[in-house]
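Topology and contacts: notes
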Amino acid sequence: METPIGPLLLAATREGLVRVVFHADGRTARRELTRLEQFFGGPPTAAVPHLATATAELTAYFAGELRSFTVPLDWSQSAGFTARVLRALASGVPYGDVVGYQDLADRVGEPGAARAVGAAMGANPLPVVVPCHRVVASDGGIGGFGGGLETKRLLLALEGVLPAPLF
């Protein structure tokens, strides 16, 4: 899927959207599809209804017309602490808001786990839809981001958290 932040690869199961991959040029897409095929034990199919929903919702999001995703999510790519943090993020940090790593650790009952929250963000299989771009550093910086800091800035600008880039 072509987007203002570059090509995204979307993968879904019968349960829901399972993977969003940044910078999905040919090589990255092939590598991720091979990984998913190994994880799920078979080749991908295009006839999964959640793909159409995810594509439509992401298109509306990037057009500034969608603030909350409704596509069902398949959480099979996350477990344990990471899954708890990602679910708290998805349900508790709405469009246009941000949360600190420490605050998110506190929300899941792990007050000493700010760094672990950062690792959980890096392991997010559903970026944009599960909005790890909304997690920022407590010192006022934007923190890290698996899709690259420029991508994070663009997503935060889209949501009105940061000013839009001049060019």
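In this report, the structure presented in the accompanying data block is examined. (Residues numbered from 1 in each chain as written. Predicted model: local features only at pLDDT ≥ 70, side-chain atom pairs only at ≥ 80, totals over all residues. Heavy atoms only, no water.)

Structural notes on the layout of surface pockets
Over the atoms, a rolling probe the size of a water molecule traces out where space has been left empty. Note the following rule: Residues are called lining when one of their atoms sits within 4 Å of a cavity or pocket point, these points coming from a 1 Å grid over the protein atoms alone, where a cavity is a set in which a 1.4 Å probe fits but cannot get out and a pocket is an open set with protein on both sides within 12 Å along at least five of seven lines. Grid points are joined across faces, edges and corners, and a volume is the space filled by probe spheres set on the points. Numbered from the N terminus, helices here are DSSP runs of H or I no shorter than four residues, and strands are runs of E no shorter than two. Under the convention adopted here, Pro, Cys and the residues Ala, Val, Leu, Ile, Met, Phe, Trp and Tyr are nonpolar, Asp, Glu, Lys and Arg are charged, and Gly plus all remaining residues are polar.
A volume near 470 Å³ is recorded for the largest pocket. Lining the largest pocket are 21 residues; nearest its centre among them are Ala12, Thr13, Pro44, Thr45 and Val48. Those elements giving two or more residues to the lining of the largest pocket turn out to be strand E1 (9-12), helix H1 (26-40) and helix H2 (49-62). For the lining of the largest pocket, the residue count by class is 15 nonpolar, 3 polar and 3 charged.

Considering the side chain of Gln77
Going by this rule: Polar contact is the term for a pair of N or O atoms within 3.5 Å; when the atoms are in protein, one must be able to donate a hydrogen and the other to accept it, and sequence-neighboring residues count only if both atoms are side-chain atoms. Any two residues having at least one pair of non-hydrogen atoms within 4.5 Å are treated as being in contact.
Note on placement: Gln77 falls in the loop between H2 and helix H3 (80-92). A distance of 2.8 Å separates a polar atom in the side chain of Gln77 from a polar atom in the side chain of Arg35. Residue contacts for Gln77: discarding those within four places in its chain leaves Val18, Arg19, Arg35, Leu36, Phe39, Phe40 and Pro125.

Overview of the environment of Arg30
Which entries qualify depends on this criterion: Relative accessible area decides the class of each residue, using a 1.4 Å probe on protein chains only: under 20% of the type maximum gives buried, over 50% gives exposed, and in between gives partly exposed.
In this structure, Arg30 sits in helix H1. The exposure class of Arg30 is exposed, given its relative accessible area of 54%. The spacing of Arg30 and Thr45 is 15 residues in sequence and 14 Å in space, taken between C-alpha atoms.

A closer look at the packing of aromatic side chains
Here is the rule: Each pair of aromatic rings taken from Phe, Tyr and Trp, with Trp reduced to its six-membered ring, is defined by centres within 6.5 Å and is described as stacked if the planes are under 30 degrees apart, edge-to-face if over 60, and tilted in the remaining cases.
Overall, the coordinates contain 5 aromatic pairs when judged by the stated rule. Judged by centre distance (5.2 Å) and plane angle (75°), the rings of Tyr61 and Phe62 are edge-to-face. By the burial criterion, Tyr61 is buried, and Phe62 matches it. Through successive ring pairs, a cluster of aromatic residues spans Tyr61, Phe62, Phe69 and Tyr95.

Thoughts on the pattern of salt bridges
Filter applied, for reference: What counts as a salt bridge is simple: a side-chain nitrogen of Lys or Arg found within 4 Å of a carboxyl oxygen of Asp or Glu.
Taken as a whole and assessed by the stated rule, the structure comprises 6 salt bridges. A salt bridge links Arg84 to Glu110; the nearest nitrogen and oxygen atoms lie 3.3 Å apart. Of this pair, Arg84 sits in helix H3 while Glu110 sits in the loop between helix H4 (101-107) and helix H5 (114-122); the two residues are 26 residues apart in sequence, bridging distant segments of the chain. The class for Glu110 is partly exposed, based on a relative accessible area of 32%. Across the salt bridge formed by Arg134 and Glu159, the nearest N and O atoms sit 2.8 Å from each other. Linking Arg134 in the loop between H5 and strand E4 (135-136) with Glu159 in the segment after helix H6 (149-158), this pair joins segments that are 25 residues apart in sequence. The exposure classification of Arg134 matches that of Glu159, with both residues buried. In the salt-bridge network here, residues are joined through shared partners; they are Arg19, Glu32 and Arg35.

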